[in-house]
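# Report on the structure
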Amino acid sequence: MRVLHVVGARPNFMKIAPIMREMAKYPHEFEQILVHTGQHYDDNMSKVFFEDLELPQPDIYLGVGSGSHAQQTARIMLAFEPVLLEYKPDWVIVVGDVNSTVACALTAAKLGVKVAHVEAGLRSFDRTMPEEFNRVLTDHIADLLFTTEPSANENLRQEGIPEGKVHFVGNVMIDTLLRHKERALALNILGKYGLESRGFALLTLHRPSNVDVPEVLAGILDALSEIQARLPVLFPAHPRTVERIREFGFEGRLVGMQNLRMTEPLGYLEFLNLMANARLVLTDSGGIQEETTILGVPCLTLRENTERPVTVTQGTNTVVGSDPQRIVAEALAVLDGKSKAGRVLELWDGRAAERIVAFLSEVAE
Ligand code: UD1
């Protein structure tokens, strides 16, 4: 079976890595091709993950870069179609919910190439979020859908997707976390930033709804100003966020926060070490809500909703929105010891990729 894997943006790399590693165990059964769309192209948004995760170099790099949603999606489709025509894969595997995911799924489906979607069925029910369209469209295109949590199976059932296509396999991103945790913890990243274990908050911020609107971003910075007065905050900043801070003239606010340290985006292992050692994580990322749950570290999600409800009902995640007073109150509550204990979640056991490859293997027979 010839399988073409697609990656494009930062959160894709840790999801594809365990699937490729598992398939590589069966070289007589699977021929693997890795395509990188180039949606993310900076070394610290892409290259460092190939090194940290021991991913093979992409066989094909499309180099599409940044642009509006229509431009980026269209460029990926235009560049991906000839690759499909040349390589004629039996399956295309797409992961997550980024523009590369939907663009490649649609291109493949229109050429009659089968599509498997890993991390299917998640829904925020918030269509102001670009990823929500990517999720819904990819799921309705896909021939095989692999889910991470029971809510996803329920969402797909409600949308009329035949149950035979959907398989609850667990979470490939957690496969990667469990595989690399020891290596990550061996790094001396705390020393590098002068931090102590459980003595700091870790922050990430990149959603357009938080960083593209000056009033919202200003409110979040106000909240951070109060939080950093209580404990150091480390902030590896996404390029979009750095751009907006500059554009809105907010650099001065950050300079005033002596206990908040902004850095470049970090590699996978360094960031995993920091998450595992943080007292508290503040984020608007999707994946980090899941990773902190498995690490048992309190997570405050600076969004109005989550497509990953199991992290709230069974994990360490609390959805707090972007209201500054609420963010500060919830952060102080965590510092006062009021946080949720995480649990081991069903099938988040490091073996999701094994299950996915077993299903694909069955389909091939
Ligand atoms: C994308 C995904 C989002 C995911 C996030 C993780 C979509 C719609 N969004 O958002 O779901 O959570 O990745 O990071 O697919 N830029 C650089 N260097 C890079 C990449 C981007 O400087 O290597 C800058 C560019 O100015 C670009 C902006 O970041 O315009 C946004 O990049 P883009 O890929 O459009 O979306 P993200 O915000 O990264």
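Keep in mind that what you see is a predicted model, and the values were worked out from it rather than measured.

Quick look at the sheet that holds strand β6 (residues 144-147) now. Backbone hydrogen bonds hold the strands of a sheet together, and the pairing may be parallel or antiparallel. Ordered in space as β3-β2-β1-β4-β5-β6-β7, the seven strands form an open sheet in which the pairing is parallel. Each having just a single partner strand, β3 (60-61) and β7 (166-168) make up the two edges of the open sheet. Bridge count between β6 and β7: three bridges; the pairing is parallel. Within β7, the position partnered with F146 by the bridge is H167. Of the strands in this sheet, β1 (2-7), β4 (91-95) and β5 (114-120) are in contact with helix α4 (residues 99-110), which crosses β4 at around 160°.

What follows concerns α4. Here α4 is twelve residues long and its end C-alpha atoms lie 17 Å apart, about the 16 Å a rise of 1.5 Å per residue gives. Inspection of α4 places N99, S100, T101, V102, A103, C104, A105, T107 and A108 among the buried residues, and these make up the whole buried set. One or two steps after α4, the chain reaches G112, where phi turns positive at roughly 75°.

This model, assessed by the stated rule, comprises four aromatic pairs. Stacked on the ring of F250, the Lys or Arg R253 has its end atom at 4.8 Å from the ring centre.

Between its first and last C-alpha atoms helix α10 (residues 214-228) spans 21 Å; for 15 residues at 1.5 Å apiece the expected length is 21 Å, and the two agree. Buried within α10 we find L217, A218, G219, I220, L221, A223, L224, I227 and Q228.

This paragraph deals with unusual backbone geometry. Although it is not a glycine, K88 adopts a positive phi angle of roughly 45°. As for its placement among the helices and strands, K88 is situated in the loop between α3 (69-87) and β4. Here the phi dihedral of R198 falls at roughly 65°; this positive angle occurs in a residue that is not glycine. Structurally, R198 is set in the loop between α8 (189-193) and β8 (201-203). Look at R198 and you get partly exposed, because its relative accessible area is 41%.

Attention now goes to the sheet that holds strand β13 (residues 317-319). With parallel pairing, six strands are arranged side by side in an open sheet as β10-β9-β8-β11-β12-β13. Two strands close off the open sheet at either side, each with one partner strand: β10 (260-263) and β13. Within the sheet, the average angular offset between the axes of one strand and its neighbour, ignoring direction, is 20°. Bridge analysis of strand β11 (residues 280-283) against strand β12 (residues 299-301) gives three bridges, and the strand direction is parallel. Of the residues in β12, the one forming a bridge with T283 is T301. Across the sheet, helix α13 (residues 268-277) lies against β8, β9 (233-236) and β11, angled at about 135° from β8, the strand it touches most.

Let's shift gears to the pattern of salt bridges. Tallied over the full model, the rule gives 25 salt bridges. A salt bridge links D97 to R135, with the shortest nitrogen-to-oxygen separation between them at 3.0 Å. Here the residue D97 occupies a position in the loop between β4 and α4, and R135 occupies one in helix α5 (residues 130-141), the gap between them amounting to 38 residues. For D97, a relative accessible area of 11% translates into the label buried. Close ionic contact of R308 with E119 constitutes a salt bridge, the shortest N to O distance being 3.0 Å. Note that R308 is positioned in the loop between β12 and α15 (310-313) and E119 in strand β5, a separation of 189 residues in sequence.

One way to put it is that helix α1 (residues 10-23) packs onto helix α7 (residues 172-185) with a least axis distance of 7 Å and a crossing angle of 80°. When the axes of α1 and α7 are compared, the pair comes out roughly perpendicular. Facing α1, whose interface residues are M14, K15, P18, I19 and R21, α7 presents V172, M173, D175, T176, R179 and H180. When grouped by side-chain class, the residues that make up the contact of α1 with α7 number five nonpolar, two polar and four charged.

Next up on the list: the environment of L145. Tracing the backbone shows L145 in strand β6. Since its relative accessible area comes to 0%, L145 is described here as buried. Along the primary structure L145 and A120 are separated by 25 residues, whereas in three dimensions their C-alpha atoms are 5.6 Å apart. For L145, the residues in contact, after removing those within four places along its chain, are H117, A120, D139, L156, I161, K165, V166 and H167.

As a matter of local geometry, the ligand sits amid 19 residues, with H40, N99, E131, H206 and E243 nearest to it. For the ligand, an oxygen atom lies 2.9 Å from a polar atom in the side chain of Q39. About the coverage of the ligand: the protein hides 88% of its 740 Å² of free accessible area. Elements with a contribution of two residues or more to the shell around the ligand: α3 and α11 (239-247). Considered class by class, the residues forming the shell around the ligand number five nonpolar, eight polar and six charged.

About the thresholds
- Residues numbered from 1 in each chain as written.
- Predicted model: local features only at pLDDT ≥ 70, side-chain atom pairs only at ≥ 80, totals over all residues.
- Heavy atoms only, no water.
- Pairing = 2+ DSSP bridges.
- Helix = DSSP H or I, 4+ residues; strand = E, 2+ residues; numbered from the N terminus.
- Contact = heavy atoms within 4.5 Å.
- Axes fitted to C-alpha atoms, helices over the stretch in contact; angles between N-to-C directions.
- Expected span 1.5 Å × (residues − 1).
- Buried < 20%, exposed > 50% of the residue type's maximum accessible area, 1.4 Å probe, protein only.
- Phe/Tyr/Trp six-rings, centres within 6.5 Å; stacked < 30°, edge-to-face > 60°.
- Lys NZ or Arg CZ within 6 Å of the ring centre and 35° of its normal.
- Salt bridge = Lys/Arg side-chain N within 4 Å of Asp/Glu carboxyl O.
- Parallel < 35°, antiparallel > 145°, perpendicular 65-115°, else oblique.
- Nonpolar A, V, L, I, M, F, W, Y, C, P; charged D, E, K, R; others polar.
- Near = heavy atom within 4 Å.
- Polar contact = N/O pair within 3.5 Å; in protein donor to acceptor, adjacent residues only side chain to side chain.
- Areas by Shrake-Rupley, 256 points an atom, 1.4 Å probe, with all protein chains shown as cover.

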